[in-house]
Amino acid sequence: MDVTPLTWIVALAGLVLSALLGSLQLIALLRPRAAWTVENIYGGSPDTTDPKAYFAFNQGAALADPVFWLPLQIAGSLGMLAGATWGFLLALIASVPFWYSAIWIYVWDRDMGFRKPTLAYWLIVWGMWPAFGVIEGAYCFARLL
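Treat the numbers as computed from the prediction; the structure is a model and nothing was measured.

*Asks:* Go over the environment of proline 71, please, and point to the residues and values.
*Replies:* With respect to the helices and strands, the residue proline 71 is situated in helix α3 (residues 51-81). On the basis of relative accessible area, proline 71 is assigned to the partly exposed category, the value being 37%. For proline 71 and alanine 94, which are 23 residues apart along the polypeptide, the C-alpha to C-alpha distance reads 8.8 Å. Residues within four places of proline 71 in sequence aside, it is in contact with Asp65 and Pro66.

See the structure below:
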């Protein structure tokens, strides 16, 4: 498959977001109950809910992302840059957690009172993940047709 400028943009954005997510989740795995982790990665406070459930929910994502999601995204992005059909397929598969997890995180943030009424929250903290997932998924799907 041809590697177009748009392929480079989508693949590199996937790698950048994977590096960001991987770094944050690594911190969450190494220091799961540190104040910085709670404030900057998990959001909210375990004091406002059941602390056991709060940490279990966040630690589940911290473990699932580097074990499942990030390898798919990294392999997909690299495969796209190599012009391999399997790369576009893996990137299509890896796009699903970007928007799928945004749905339950949206509900979690709403019901737990973590959501913030700021532009930074909606565009950066929450919005960039599902937006990229939809863009990557649509692009890879179109290329595979």
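There's more to say after this.
*Asks:* With reference to specific residues and values, describe a nonpolar patch on the surface.
*Replies:* Taken together, the side chains of Val96, Trp99, Tyr100, Ile103, Trp104 and Val134 define a hydrophobic patch exposed on the protein surface, amounting to about 580 Å² of accessible area. No other element matches helix α4 (residues 85-112), which puts 5 residues into the nonpolar patch. Turning to its location among the elements, tyrosine 100 is positioned in helix α4.

Conventions used here
Residues numbered from 1 in each chain as written. Predicted model: local features only at pLDDT ≥ 70, side-chain atom pairs only at ≥ 80, totals over all residues. Heavy atoms only, no water. Helix = DSSP H or I, 4+ residues; strand = E, 2+ residues; numbered from the N terminus. Buried < 20%, exposed > 50% of the residue type's maximum accessible area, 1.4 Å probe, protein only. Contact = heavy atoms within 4.5 Å. Patch = residues over 30% accessible without salt bridge, like charges linked within 9 Å, V, L, I, M, F, W, Y side chains within 5 Å. Areas by Shrake-Rupley, 256 points an atom, 1.4 Å probe, with all protein chains shown as cover. Salt bridge = Lys/Arg side-chain N within 4 Å of Asp/Glu carboxyl O.

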